[in-house]
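The residues making up each chain are set out below.
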Amino acid sequence: MQDHRVDRGGLSIHARISGSEDANAPTVVFANSLGTDLRIWDDVVAHLPETLRIVRFDKRGHGLSSVPPAPYAMGALVTDAEAVCDELDVRDCVFVGLSIGGLIAQGLAVKRMDIVRAMVLSNTAAKIGTPSLWEARIEAVKAHGMDNLADGVMERWFSRRFRESDDLATWRQHLIDCPPEGYIGCCAAISGTDFYSSTASLRLPTLVIAGSEDKATPPDLVRETADLIPGARFELMRGSGHLPCIEHPQDYADLLTGFLKEIGHV
Ligand SMILES: O=C(O)CCC(=O)CC(=O)O
């Protein structure tokens with residue numbers, strides 16, 4: 001495993017490579033969700049074929065990346081992902097994006113077909129929420145901090161079964177540890193993003209994953225985005241909330257591996 005720092009004009013984006021050390025190996029890139037860092041993929045990565053080169057990164061304002069002042073533009077988040085891929089010589093990858101990571105995937109696929117050969121859009125949509133929802137979330141964080149948000153977020157992130165387990169505390173703490181500036185910055189980026197037209201123009205192999213108990217991006221919303229892309233396959237993970245990679249990592253890895261086999265990436 002190698003950690004990298006990708007310079008973005010004074011900002012530093014933290015990236016991690018695991019799996020194959022061969023830069024020519026088939027590559028899978030993972031982009032995570034709001035209020036999380038690249039550790040959400042740990043248990044999925046452990047179940048993927050060893051032949052893959054796996055690249056993960058913390059978007060700006062999250063994990064070990066820099067925290068510039070909010071607000072952030074979606075274009076900047078997409079350019080961060082592009083810079084990570086260019087710096088690490090990623091071409092023809094399968095780009096897996098969860099929630100805001102899925103927005104980044106859609107933006108990057110439109111911009112850089114040489115980088116993205118296929119996408120996995122997980123618990124995401126072409127447009128997530130409304131500007132008023134995001135404005136209220138931003139004001140709540142400014143007024144009361146991350147702790148105050150945590151109970152509501154856990155309800156949207158996880159199924160009831162998971163919320164009653166001992167594992168919840170770890171992920172709740174990750175959310176509370178997220179820098180408020182980074183969280184607010186990314187809320188603003190989501191608020192300003194509507195990819196309906198550009199995503200409808202995409203023609204590349206796409207797997208779309210939803211969680212039956214996802215209250216942040218419910219299955220119907222996710223399916224609507226799958227329907228925009230001709231040939232996209234929609235999969236519903238039963239008993240999962242917004243973060244199926246944490247709740248059911250083996251099943252999630254199996255879905256990814258099946259898709260990678262279908263498109264000849266493993
Ligand atoms: O998870 C995301 O990236 C955005 C959707 C969201 O707001 C999830 C949550 O409720 O925290």
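Residues numbered from 1 in each chain as written. Predicted model: local features only at pLDDT ≥ 70, side-chain atom pairs only at ≥ 80, totals over all residues. Heavy atoms only, no water.

Peer 1: Just to check I follow, could you spell out the overall build of the protein for this structure?
Peer 2: Helix and strand counts for the protein stand at 12 helices and 8 strands. The C-alpha radius of gyration computed for the protein amounts to 17 Å, which stays within 12% of the reference 18 Å derived for 266 residues, consistent with globular compactness. When the backbone C-alpha atoms are referred to their principal axes, the protein occupies close to 50 × 45 × 40 Å. Residues classed as buried in the protein amount to 56% of the 266 residues present. If you take every contact in the protein between residues at least 6 apart in sequence, the share linking residues at least 24 apart comes to 75%. Total accessible area computed for the protein in this model is approximately 10600 Å², and 49% of it derives from carbon and sulfur atoms. (Helix = DSSP H or I, 4+ residues; strand = E, 2+ residues; numbered from the N terminus. Rg over C-alpha atoms; globule rule 2.2 N^0.38 Å. Buried < 20%, exposed > 50% of the residue type's maximum accessible area, 1.4 Å probe, protein only. Contact = heavy atoms within 4.5 Å. Areas by Shrake-Rupley, 256 points an atom, 1.4 Å probe, with all protein chains shown as cover.)

Peer 1: Would you mind showing me how to read the nonpolar core here?
Peer 2: Side chains that are nonpolar tend, in soluble globular proteins, to be buried together. Counting residues in each nonpolar core, the largest one holds 92 residues, and the members touching the most others are F95, Y183, Y252 and L256. The biggest single contributor to this core is helix 2 (residues 74-87), with 7 residues. Those residues in contact with Y252 that lie beyond four places of it in its chain are W41, V44, V96, L98, S122, I209, M237, P244 and C245. (Core = buried A, V, L, I, M, F, W, Y, C linked by side-chain atoms within 4.5 Å.)

Peer 1: For this particular structure, what's the right way to read the pattern of salt bridges?
Peer 2: Any two side chains of opposite charge can pair, so long as their charged atoms come close to each other. Evaluation of the coordinates by the stated rule reveals 16 salt bridges. A salt bridge links E82 to R112; the nearest nitrogen and oxygen atoms lie 2.9 Å apart. Placement of the pair is E82 in helix 2 and R112 in the loop between helix 3 (100-111) and strand 6 (116-122), with a sequence separation of 30 residues. Across the pair R91 and D86 runs a salt bridge whose closest N-O atoms are separated by 3.1 Å. Each of E82, D86, R91, K111, R112 and D114 takes part in a single network of salt bridges with overlapping partners. (Salt bridge = Lys/Arg side-chain N within 4 Å of Asp/Glu carboxyl O.)

Peer 1: Honestly, the site of the ligand in this entry has me stumped. Any pointers?
Peer 2: Near the ligand lie 13 residues; those nearest to it are L34, S99, I100, R156 and H242. Contacts to the ligand include I100, whose backbone N or O atom sits 3.0 Å from an oxygen atom. Within the complex, the protein chains bury 99% of what would otherwise be the 310 Å² of accessible surface of the ligand. Going through the elements one at a time, helix 4 (131-144), helix 5 (150-157) and helix 8 (180-191) are the ones with two or more residues in the shell around the ligand. For the shell around the ligand, the element with the most residues is helix 5, which contributes 3 residues. (Near = heavy atom within 4 Å. Polar contact = N/O pair within 3.5 Å; in protein donor to acceptor, adjacent residues only side chain to side chain.)

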